Structure formats: structure tokens, C-alpha cells
Amino acid sequence: MPTPAPAPAPQALSSLSSEFTSATGAVASALPTVLGGWPSLEDIEKKLELSNDDLSNISTSALLIPSYANFSNNAWNVRFYGLAYKLPNISTDDLDSLIDGLRTNDLNDTERSLLQNRTQDLASIPVPRANLTAIISANGSTVTNSSGIQLATADEFGEIDQFVSVPELNRNFSQTTVITTGILNVTGPGNGTVILVPEQGFSVVSDIDDVMRITKVYVPNQGLFNSFVEPYVNVPGIPELYAKWFKTLPGVAFHYDTTTPVELTRTYVQYLFENFPLGSLEMRPINVSQPSQILEARQDSLVKLFQTFPQRKFGDTSSSTLLSAYPQIAQQFPNQVQCIFIRNTSATDSDDKIPYSTKEFQNLDENRYFFYTTAEDLMNLDIPSGQCKNQSIPQNVTFGEQGGVLGNNSSGSLPSVSSKNLNVWVAVVVGIVMVVGVGAI
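Scope of this entry: the structure provided in the associated data block. What you see as residue numbers is a count from 1 along each chain, following the sequence as written. For a predicted model such as this one, the threshold for reporting local features is a pLDDT of at least 70, and the threshold for listing and counting side-chain atom pairs is 80 or more; totals across whole chains, interfaces and linings nevertheless cover every residue. No hydrogens and no water enter the side-chain calculation; it runs on all heavy atoms of the structure.

## Topic: the pattern of salt bridges
For clarity, the cut-off: Between Lys or Arg on one side and Asp or Glu on the other, a salt bridge is scored when a side-chain nitrogen of the former is within 4 Å of a carboxyl oxygen of the latter. Secondary structure elements are defined from DSSP: runs of H or I of at least 4 residues count as helices, runs of E of at least 2 residues count as strands, and each element is numbered from the N terminus. Burial classes follow relative accessibility: with a 1.4 Å probe on protein chains only, a residue under 20% of its type's maximum area counts as buried, one over 50% as exposed, and anything between as partly exposed.
Applying the stated rule across the entire model yields 9 salt bridges. Ionic pairing is found between Arg79 and Asp161, a salt bridge with its closest N-O pair at 2.8 Å. You can see Arg79 sitting in strand β3 (residues 75-86) and its partner Asp161 sitting in strand β8 (residues 159-166), a full 82 residues away along the chain. Judged by its relative accessible area of 3%, Arg79 is buried. The salt bridge involving Asp121 is made with Arg266; its shortest N-O contact spans 3.2 Å. Pair noted here: Asp121 is in the loop between α5 (109-119) and β4 (125-126) and Arg266 is in helix α8 (residues 265-275), with a separation of 145 residues, a long-range link. When its relative accessible area of 9% is taken as the criterion, Asp121 is described as buried. What makes Arg266 partly exposed here is its relative accessible area of 31%. Three or more residues are tied together by salt bridges with common partners; here these are Arg79, Asp161, Glu282 and Lys304.

Structure representation (C-alpha cells):
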């Protein structure tokens, strides 16, 4: 984990990751729309047919992904997380064909406009080992000096991910506060947001796809179409639920996660912050394309988050590809996980036939996790008091490999998590919400 975040040194993930990978490998291979099926950087560069001379005449830009900061030693440690890149001025029509499974025939005007806007960043070419200079503003005023902050050199893929201690930000807060960041030595966009997260409070860690918005990542090609072509549609009741948590959970902060590639960051940021509380965002790294790599990168981001805020309580809402990830996180950080909410998409959508495993839940306190179908199931829970289950919704959870085409529940009620009712996974591949809280509040 980047320093100087006041947290334990990162623990080895070998055993955690190996079990995570084996448990989700079958699921990952069944999810090309979100985990695979995306053009590699090499594919994109080949399609663009750009020479080194072409790139040398293009100015460098920067993408700052919404991030977070923690407080220690009388200063805020701000995480700078993003990408240095160059964006050629070319038509995106040919790039659409690189997205395996995306069909763009017979689109109406609205769909064509959305497709063009969402694919324009596909042509982003990373700038390896870029040297970027950052600034920070709070309450409309710049708090860093005029020369800015020299960030560590970007990696070979143009990515940056580091914490920087900012002495000028020396006031602690009991509520999450938003500041803005920017990159000085680039042209074009280079601004972002960071949430200053109090040492104590509750953090909501939420999957985006099929938890917050209807993506249907479990349907081949439909997930791509809904991501690139269709207007984004909220999962009913989730904006209202998150708005309630924003108002009622002490010291609350929101952290959003997706396995969607970093090229869709701006699309996701616009959607998120028009519909949900401001928060941090984790995207798929640009240098990652294999399903096992994608899932391990997601696991790593969760560990980093928990280690950065050792006193906070976390709650998670997620989907099935990651069903095994959250129980393992809960075992690694037992004093930080307040509740795990898993959305049961298969109870309301018969198209969801992705396999999943509930095995990892058998070692958890059954009062800490809850399989839900609608936002209303969670609306009146007293999370600070430890109420993670709606007793009116039957669970009947058994443990083991489940789901897939072997079973389906068409009644719309919550299926038992057993070999005969196999489709509970959607809340973890598609939607898990974890609520994490901090000690004494």
C-alpha cells in the first residue's frame, strides 16, 4: 500500500488470492462482458496505427479517478490515483469493433450519441513513466504552493497510485469532506475529487454494476450494450437507500467499485455523482485483462481500503463474481466489517444463471450477512446497532457450489441458497454492499 497512510503494512495476499481465484475462476470465464472481451492496449494501438512521431505531437493529458484521503500526524494523506495518457483526434467508429460482442447495427440517434461519447476514451494511449505535478483546492482556494506537488513517476503503463501527505491540510473533520485536485503540467482535463474520510465512522463499499445500475453483466453481450449504448438505469430504490444512509450513518463515506475498464471512468463518474453521494471510485487497471488478474486487482483494492482506515466500520453491497471475496475480507479484518449485503439478482431476473459459491460464508457470523432482493429489504435496518438482517426475508442458507443453469427460481421470492435454488449470486458478482464501521462512535 502506498505510504504514508497510517495503517499496517500490506499483508501477503498469496493464500487469500489463490483461494479467491480458484473459487471465482469458473464464474469469471462466464463473464466476458465485464471481465474479458475488452480490447488489450496492444489491440488498440495496432488499430490506431500511430507512429512514435504521431504520438510525440500530441500533448499529455491526465485522468484523476475520484479517490480518498486519511488523517494522521496532523495532516491529510491524499491518494492520487489515475492515468497519464495521450488522446489522438480520430474517429471512434473503428474502435467499437474491437469490443468483442458489442453490436452497433440499427442504433437510434440517442444510442449512437451515447456510444460515441462512451467510446471516445478508448483511443487513450498511456504515457509511461510520466512526471506529473499536482495541486489541491479546498473551499474554492488552492492550498498547495504555486509550484504544486511533484508526484512519483508513473509506472510503465502511465498509471499513478500514491499517497501524499499535505501539511497545508491540517484540520481534522468528523464528517466526510470533499476537496478537488488537479494536474498542472498537462493540457486538457486533469482535475478530480478526493473525499477526506474521518478516522471513525461507517464506510459503504458498493459494487456499481447490478447493485446500483442495471447492467446485466451476467448476460453475454447485454452487459456491453447496456454499458456503451443504452442510458444508464438505476436499480429501483438504491438512490433513495444510499441517500438515507448518507443522512443517517455516522461519519459515513462511500466507496464505489467496478471491474469496468478505466477508459469508462468519466462515464461512470458522471452517472455516479448525478445519482448518488460523492465518494471514491475503483476502476479496472489499464494493464489488466485476464479474469484472474481483474479479480485479484479488485481484492487488492479492498485490502488497501481496509488497511488505510483501520478504525472504520465497513459495509458492502456487491455481486456474485466476488461472492467469496467479502467473507475472506471479513475474516482478515473481523473488527471492521459491520454488515455484508448481497443482492439476489436471480430472484428477480431469470437470465442470471452464473454459478457461485457460498462456502466462504460458513465461517462468518450469520447475523453479519444478508441476501436481499430489493432496496426496501434494507431500508429500515439499524446498521449502527448491528442489525444486518431483515427478519421478514427468509434466508435458509446452505454452503457450497451453487447456481448456473442447473436451477432457477421464477417466483420472484428469495431462493434458498442450496443446490436446488442456485441463483443467489447476483449480489456478489453483480452486487454486494458492505457497511464498515469504526470502533467507538
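## What about the nonpolar core?
We apply this condition: In these notes, a set of buried Ala, Val, Leu, Ile, Met, Phe, Trp, Tyr and Cys residues joined through side-chain atoms within 4.5 Å is what counts as a nonpolar core. Two residues form a contact once any of their heavy atoms are found within 4.5 Å.
Counting 53 residues, the largest nonpolar core has Met212, Tyr242, Trp245, Tyr256 and Phe341 as the members making the most contacts within it. Once you skip the residues sitting within four places of it in the chain, Met212 turns out to touch Ser206, Asp207, Val233, Asn234, Val235, Ile238, Tyr242, Tyr256, Tyr271, Leu272 and Phe276.

## What to know about the packing of aromatic side chains
Condition: Here is the rule: rings of Phe, Tyr and Trp (six-membered ring for Trp) pair when centre to centre is within 6.5 Å. Planes less than 30 degrees apart are stacked, more than 60 are edge-to-face, and the remainder are tilted.
Within this structure, the stated rule accounts for 18 aromatic pairs. Seen from their ring centres, Phe246 and Phe254 are 6.5 Å apart, and the 40° between their planes marks the pair as tilted. Here Phe361 and Phe371 contribute two aromatic rings whose centre-to-centre distance is 5.7 Å and whose plane-to-plane angle is 50°, an arrangement assigned as tilted. With Phe361 in the loop between β16 (355-357) and β17 (369-372) and Phe371 in strand β17, this residue pair connects regions lying 10 residues apart in the sequence. In terms of burial, Phe361 and Phe371 fall into one category: buried.

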